[in-house]
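Spelled out, the chains give:
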Amino acid sequence: MALDPTGAEVAMTAGTVVLLFAFLFLLAGSPLGRLAGIRTNAPFLFNPTGVRAISVVVAYPALLVAVWGLTYGAIAPHVQTTALPSQAGFAAAGGVLVLTGARFARFVTFLVGGRTAVEGELSRDEIVPVDEIGDDVDLASAVEAARRGEWRSAAALLAATADADVRADRIRALTQLSVHDSQWVEEWFAAAPDDVRVTVVRAELAVQRAWAARGELDAAHTPAQAFQAFLTSLDQAQRLAERAIEQAPDDPMPWATLVQIARGQQVPPEEFERRVDGLLARAPHHVYGSQVALQYACAKWLGDTESMFGMARTLASDAPKGSATCLLPLIAHIGHHLDLETGRGGPSRAQQHMTSGATRTELRTCVARWLDGPNGGPQPGGRLEGHNLAAYAFWLA
């Protein structure tokens, strides 16, 4: 099909611009880009995020111009006036803008600011506090008593909690709120030093204190003193968990604690597998234990992407409907998204992964199994975290 020369020239020029800036987009973050001076510590115009943002901001209008040129060039040879092909070109370009403009704006926003981009600083009133309790009124009562330094409510609650997943949730909530004030734990231990429940709580409290001491910086920027405090607390957690195992061999929670600290201790795979086997022998679908086991297998710690997804899918497929363990692939996809977002591909590649048909299908399948519990909904263990996890994964997708 012959094109009108004017339209063909416009389309060719605009297409060249699109290809040029598409090349710059791919160049940003690549080894060749680093050789060209595109580095993460450079000013915005010369770092990967800035180069990608400028590339798409220039390429997108050029693409619209190319659509106009192709439409004009295709229609102009068949009519006697230039008004009709010109109007048709604007209509075609406008149609593309209507269909893709909102997605383009969203993509640029995430590209520049990440998926948590907001306009300005959040005020204190706009920050929603983390709710570790939800609708668990019994836990709320025990937490209030613990804040007053009273231990009997927490002890009675844990003794009455038969569900291993619910008990793990309650222990974690109580210990997370007690990192800086654990008077109730100390008084419980003083009153009943041989009570295995307080030993389990002290082990998990040591885990929480270890991560609090380490902080949120990566290994390269974590002070040596913080690392030492981290490792010391992990060693204490291990001793307490092993003591709890001796006192209550059938309790899965101390094994979950050992699995949790495995990545911080960087234990070899054989020891990690021993701990996981000990946990699953006592609670084959333990939600908390399965989640922390998956962290060991991720690329950020001691595994890789393939082993992470393999573990997540195996444990999730074996779990019964309604168990929050069904959601492990969501954790894997979110973790992979974060790895891609900070890697060579940048936010665009991370978004491509989360919005792909395969990812969305797996997310829906896992959440459907979780919601299809025997009582018509998810099981109580891990339910609060499961809702947050599903909401975040679907937002990314």
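Residues numbered from 1 in each chain as written. Predicted model: local features only at pLDDT ≥ 70, side-chain atom pairs only at ≥ 80, totals over all residues. Heavy atoms only, no water.

Draft legend 1. Up close: the overall build of the protein. Along its length, the protein carries 18 helices and zero strands. The C-alpha radius of gyration computed for the protein amounts to 28 Å, which surpasses the reference 21 Å derived for 397 residues by more than 25%, pointing to a less compact arrangement than a globule. With respect to the principal axes defined by its C-alpha atoms, the protein has extents near 95 × 50 × 45 Å. Taking contacts inside the protein between residues at least 6 apart in sequence as the whole, the part at least 24 apart equals 66%. Accessible surface for the protein amounts to roughly 20,700 Å². Of this, 59% is attributable to carbon and sulfur atoms. For the protein, the distance from the average site of its 32 positive side-chain charges to the average site of its 41 negative ones is 3 Å. (Helix = DSSP H or I, 4+ residues; strand = E, 2+ residues; numbered from the N terminus. Rg over C-alpha atoms; globule rule 2.2 N^0.38 Å. Contact = heavy atoms within 4.5 Å. Areas by Shrake-Rupley, 256 points an atom, 1.4 Å probe, with all protein chains shown as cover. Lys, Arg positive; Asp, Glu negative; His and termini not counted. Charge placed at Lys NZ, Arg CZ, Asp CG, Glu CD.)

Draft legend 2. Region of interest: the nonpolar core. Counting residues in hydrophobic clusters, the biggest one holds 46 residues, and the most contacted among them are Leu174, Trp184, Trp188, Met253, Val259 and Phe272. For this core, the element with the highest residue contribution is helix α9 (residues 196-214), accounting for eight residues. In contact with Val259, other than residues within four places in its own chain, are Phe272, Arg275, Val276, Leu279, Gly289, Val292 and Ala293. Counting 26 residues, the second-largest nonpolar core is a separate cluster that includes Leu315, Leu328, Leu330 and Ile331. (Core = buried A, V, L, I, M, F, W, Y, C linked by side-chain atoms within 4.5 Å. Buried < 20%, exposed > 50% of the residue type's maximum accessible area, 1.4 Å probe, protein only.)

Draft legend 3. Geometry of the state of the cysteines. One pass over the full model with this rule turns up zero disulfides. Cys298 takes part in no disulfide bond, and the closest cysteine sulfur, belonging to Cys366, lies 18 Å away. Free cysteine: Cys366, not disulfide-bonded; nearest cysteine sulfur from Cys326 at 7.4 Å. (Disulfide = S-S within 2.5 Å.)

Draft legend 4. Geometry of the pattern of salt bridges. The full count for this structure, using the stated rule, is eleven salt bridges. Here Arg172 ties to Glu385 by a salt bridge, and the two come within 3.6 Å at their closest N and O atoms. With Arg172 in helix α7 (residues 164-176) and Glu385 in helix α18 (residues 383-396), this residue pair connects regions lying 213 residues apart in the sequence. Across the salt bridge formed by Asp372 and Lys321, the nearest N and O atoms sit 3.4 Å from each other. Note that Asp372 is positioned in the loop between α17 (357-371) and α18 and Lys321 in the loop between α14 (305-318) and α15 (328-341), a separation of 51 residues in sequence. Take Asp372: its relative accessible area is 41%, and that puts it in the partly exposed class. Taken together, the shared-partner salt bridges in this structure form one network comprising Glu271, Arg274 and Arg275. (Salt bridge = Lys/Arg side-chain N within 4 Å of Asp/Glu carboxyl O.)

Draft legend 5. Structural context of α9. Across its 19 residues, α9 extends 28 Å between first and last C-alpha, which sits within 8% of the 27 Å expected from 1.5 Å per residue. Those residues of α9 that fall on the buried side of the exposure criterion are Val198, Thr199, Val200, Val201, Ala203, Glu204, Leu205, Ala206, Val207, Gln208, Ala210 and Arg214. Taken together, the buried residues of α9 touch α6 (152-160), α7, α8 (183-191), α10 (224-247), α11 (252-265) and α13 (287-297). Looking one or two places after α9, you find Gly215, whose phi comes out positive at around 85 degrees. (Expected span 1.5 Å × (residues − 1).)

Draft legend 6. Summary view of the environment of Val18. Mapped onto the elements of the fold, Val18 is located in helix α1 (residues 5-27). Separated by 46 residues in the primary sequence, Val18 and Leu64 have C-alpha atoms spaced 9.9 Å apart. Residue contacts for Val18: discarding those within four places in its chain leaves Ala59, Ala62 and Leu63.

Draft legend 7. Just a positive patch on the surface, in detail. The grouping of Arg34, Arg39, Arg344 and Arg349 at the surface amounts to a positive patch. Note on placement: Arg344 falls in the loop between α15 and α16 (346-355). (Patch = residues over 30% accessible without salt bridge, like charges linked within 9 Å, V, L, I, M, F, W, Y side chains within 5 Å.)

Draft legend 8. Expanded view of the environment of Thr314. Relative to the helices and strands, Thr314 is located in helix α14. Reaching out from Thr314, the side chain makes a polar contact with the backbone oxygen of Gly310 at a distance of 2.8 Å. (Polar contact = N/O pair within 3.5 Å; in protein donor to acceptor, adjacent residues only side chain to side chain.)

Draft legend 9. Broad picture of unusual backbone geometry. With a phi close to 55 degrees, Gln266 is a non-glycine residue in the positive phi region. With respect to the helices, strands and loops of the structure, Gln266 is situated in the loop between α11 and α12 (269-282).

Draft legend 10. Here's a closer look at a nonpolar patch on the surface. Residues Phe44, Leu45, Phe46, Ile54, Val58 and Val112 make up a contiguous nonpolar surface patch of about 510 Å² in total accessible area. Along the chain, Leu45 falls in the loop between α2 (31-35) and α3 (48-75). Leu45 gets classed as exposed once you look at its relative accessible area, which sits at 51%.

Draft legend 11. Just the packing of aromatic side chains, in detail. This structure, assessed with the given rule, holds ten aromatic pairs. Joined through ring pairs, the aromatic side chains of Trp211, Phe227, Phe230 and Trp301 make up one cluster. Just above the ring of Phe189 sits the side chain of Arg202; from NZ or CZ to the centre is 4.0 Å. Lying across the ring of Phe230, Arg214 places its NZ or CZ 5.9 Å from the centre. (Phe/Tyr/Trp six-rings, centres within 6.5 Å; stacked < 30°, edge-to-face > 60°. Lys NZ or Arg CZ within 6 Å of the ring centre and 35° of its normal.)

Draft legend 12. Region of the structure containing the side chain of Arg170. Take Arg170: it is sitting in helix α7. The residues contacting Arg170, other than those within four sequence positions of it, are Asp136, Asp138, Leu139, Leu157, Leu158 and Thr161.

Draft legend 13. A look at the side chain of Gln260. Along the chain, the position of Gln260 falls in helix α11. Assessed through its relative accessible area of 8%, Gln260 is described here as buried. In this structure, Gln260 is in contact with Val207, Trp211, Tyr288 and Val292, ignoring residues within four places of it in sequence.

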